[in-house]
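# A structural walkthrough
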Amino acid sequence: MTIPKTGGEQGYLRIATEEAFATPELIDAFRDELASPDVDPGFFSLIGYYLDHPAERPRFIAKALNDLGEGRIADMDARGIDRQILALTAPATNVLRDVDRATMVAETANDRLADAMRQYPDRFSGMAACAPQDAKRAAKEIERAVTRLGMGAVIINSHILGEYLDNPKFSEVLEAAEALDVPIYIHPNTPPPAMIGPMLEAGLDGAIFGFGVETGMHALRMITSGTLDRFPRLQIVIGHMGEALPFWLYRLDFMHQAGVRSGRYEVMKPLKKGTVSDYLRSHFHITCSGMAWEPAIKFTQQAIGEDRVLYAMDYPYQCPVEEVIALDAMDMPLETKRKFFQTNAEKLFHIR
Ligand code: MN
């Protein structure tokens, strides 16, 4: 097996666009939430596992998340990853019920990430964390993180204490991202209490399935609610090969149009651009985090366009070097592969 190298000798750099880190302030806040008697069941299932389970995988992940230095660089070198675009790990601030503390966690994370970006300018880029629970302060922090710290996107870990970004209370967050010309990356969270029951019962609440269902629905709500008609220039990024939405597109379009025509739901009004696919093709970018699978990548390129599909690894949660080797070997024109691994990310996240 030839280990992939950094430096671009294969004709493109590899930019991994959904890579996670943690901070001491976030871990402390997670610990306090975990200890609360009314802890969110999805959060308890997910973070209880990663912070405290003795198995090898969660132990590696907990250690790697907290490393923004040489350990991470060594892992990138060993996998041929030229650059990581870093985001505060899920569910980050979204699960914190103390809004002041959530805001502090976001601000300190942005400062720590900016330090790491200054130390390794050719290896790290970043997304702005915020605490959308207080949309006004979140918008201010997004502006600070983009204009002063050089972040190229906003990370939102899906539902915010059971609420979704199409709720007008979060409008200032969307306004800030649109005005600053940075995308919002909607990263998975475990399903909220109203949704998680039968998934948790079967052990399907996390990355195996619950993440995709919950986050796919979040993305879909942004479309069907008409929210993207209110923010016509806003770009959204979703991972995991689009949380299955590309595969559903035909049926989504058919049933959405049927529902709109019949006036079945008060909340589902005609959209300015037309169908669900029209929005996926004009407002969304999709990364292959956790889905290093050639047929799914090609299908998504075909469904929404090769300018909108990007590489991601999902370090440290899923990072076998074999996945990089498999994607390098995809039967795909070099020009398309360069868009996938490098240039789409450079454009979207303003990497110079
Ligand atoms: Mn991820």
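Residues numbered from 1 in each chain as written. Predicted model: local features only at pLDDT ≥ 70, side-chain atom pairs only at ≥ 80, totals over all residues. Heavy atoms only, no water.

Take a nonpolar patch on the surface next. Nonpolar side chains collect at one region of the surface, where L204, I208 and F209 lie side by side and expose about 300 Å² of accessible area between them. Along the chain, the position of F209 falls in the loop between helix 8 (193-201) and helix 9 (210-224). (Patch = residues over 30% accessible without salt bridge, like charges linked within 9 Å, V, L, I, M, F, W, Y side chains within 5 Å. Areas by Shrake-Rupley, 256 points an atom, 1.4 Å probe, with all protein chains shown as cover. Salt bridge = Lys/Arg side-chain N within 4 Å of Asp/Glu carboxyl O. Helix = DSSP H or I, 4+ residues; strand = E, 2+ residues; numbered from the N terminus.)

Before going further, it helps to examine the packing of aromatic side chains. Applying the stated criterion across every chain, the model contains 9 aromatic pairs. On the basis of an interplanar angle of 65° and a centroid distance of 5.2 Å, the ring pair of F30 and F43 is categorised as edge-to-face. Taken together, the residues F30 in helix 1 (residues 24-35) and F43 in helix 2 (residues 41-52) connect sequence positions 13 residues apart. One exposure class covers both F30 and F43, and it is buried. With a centroid separation of 4.9 Å and an interplanar angle of 45°, the aromatic rings of Y311 and F341 are classed as tilted. Here the residue Y311 occupies a position in the loop between strand 8 (309-310) and helix 15 (321-328), and F341 occupies one in helix 16 (residues 334-348), the gap between them amounting to 30 residues. Ring pairs connect the aromatic residues Y12, Y311, F340 and F341, which therefore count as one cluster. (Phe/Tyr/Trp six-rings, centres within 6.5 Å; stacked < 30°, edge-to-face > 60°. Buried < 20%, exposed > 50% of the residue type's maximum accessible area, 1.4 Å probe, protein only.)

What follows is about the packing of helix 2 against helix 8. Each pair of packed helices gets described by two things: the angle between the helix axes and the distance between those axes. Across the interface, helix 2 lies against helix 8 with an axial gap of 9 Å and an inter-helix angle of 55°. Regarding the angle of helix 2 to helix 8, the classification is oblique. Of the residues in helix 8, those in contact with P41, G42 and S45 of helix 2 are P193, I196 and L200. In terms of residue class, the contact of helix 2 with helix 8 is built from 4 nonpolar, 2 polar and no charged. (Axes fitted to C-alpha atoms, helices over the stretch in contact; angles between N-to-C directions. Parallel < 35°, antiparallel > 145°, perpendicular 65-115°, else oblique. Contact = heavy atoms within 4.5 Å. Nonpolar A, V, L, I, M, F, W, Y, C, P; charged D, E, K, R; others polar.)

This brings us to the sheet that holds strand 1 (residues 15-21). Paired through their backbone hydrogen bonds, the strands of a sheet run either parallel or antiparallel. The 3 strands are arranged 1-2-3 in an open sheet whose pairing can be described as parallel. In the strand order of this sheet, the two ends are held by strand 1 and strand 3 (124-126), each with one partner. Strand-to-strand twist in this sheet, taken as the mean axis angle between neighbours without regard to direction, amounts to 35°. Where strand 2 (residues 83-88) meets strand 3, 3 bridges bridge the pair, whose relative direction is parallel. When the bridges of strand 3 are listed, Q84 appears paired with F124. Sitting on the sheet, helix 5 (residues 99-119) touches strand 1, strand 2 and strand 3, and the angle it makes with strand 3 is about 155°. (Pairing = 2+ DSSP bridges.)

Per the stated rule, a full pass over the model turns up 4 cavities of 30 Å³ or more. What the largest cavity holds in volume is close to 80 Å³. Taken together, 13 residues make up the lining of the largest cavity; nearest its centre are E18, E19, A20, A87 and H187. For the lining of the largest cavity, the elements supplying multiple residues, two or more each, are strand 1 and strand 2. In terms of residues, the lining of the largest cavity owes the most to one element, strand 1, which gives 3 residues. Among the residues forming the lining of the largest cavity, the class breakdown is 7 nonpolar, 3 polar and 3 charged. Breaking the lining of the second largest cavity down by element, the ones donating at least two residues are helix 1 and helix 2. Ranked by residues supplied to the lining of the second largest cavity, first place goes to helix 2 with 3 residues. A breakdown of the residues in the lining of the second largest cavity according to their chemical character gives 7 nonpolar, 1 polar and no charged. (1 Å grid on protein atoms, 1.4 Å probe; cavity = no way out; pocket = protein on both sides within 12 Å on 5 of 7 lines; lining within 4 Å. Points joined across faces, edges and corners; volume = space filled by probe spheres on them.)

Now for unusual backbone geometry. Cis geometry is adopted by the peptide bond preceding P91, which originates at A90 and carries an omega value of -10°. Within the secondary structure, P91 sits in the loop between strand 2 and helix 5. Of note, the amide linkage connecting Y315 to P316 takes the cis form, showing an omega dihedral of -5°. The topology assignment puts P316 in the loop between strand 8 and helix 15. Positive phi is not limited to glycine here, since A244 has a value of about 75°. Phi is positive for H350, close to 55°, though the residue is something other than glycine. Summarising the element assignment, H350 is placed in the segment after helix 16. Exposure remark for H350: the relative accessible area of 31% places this residue in the partly exposed category.

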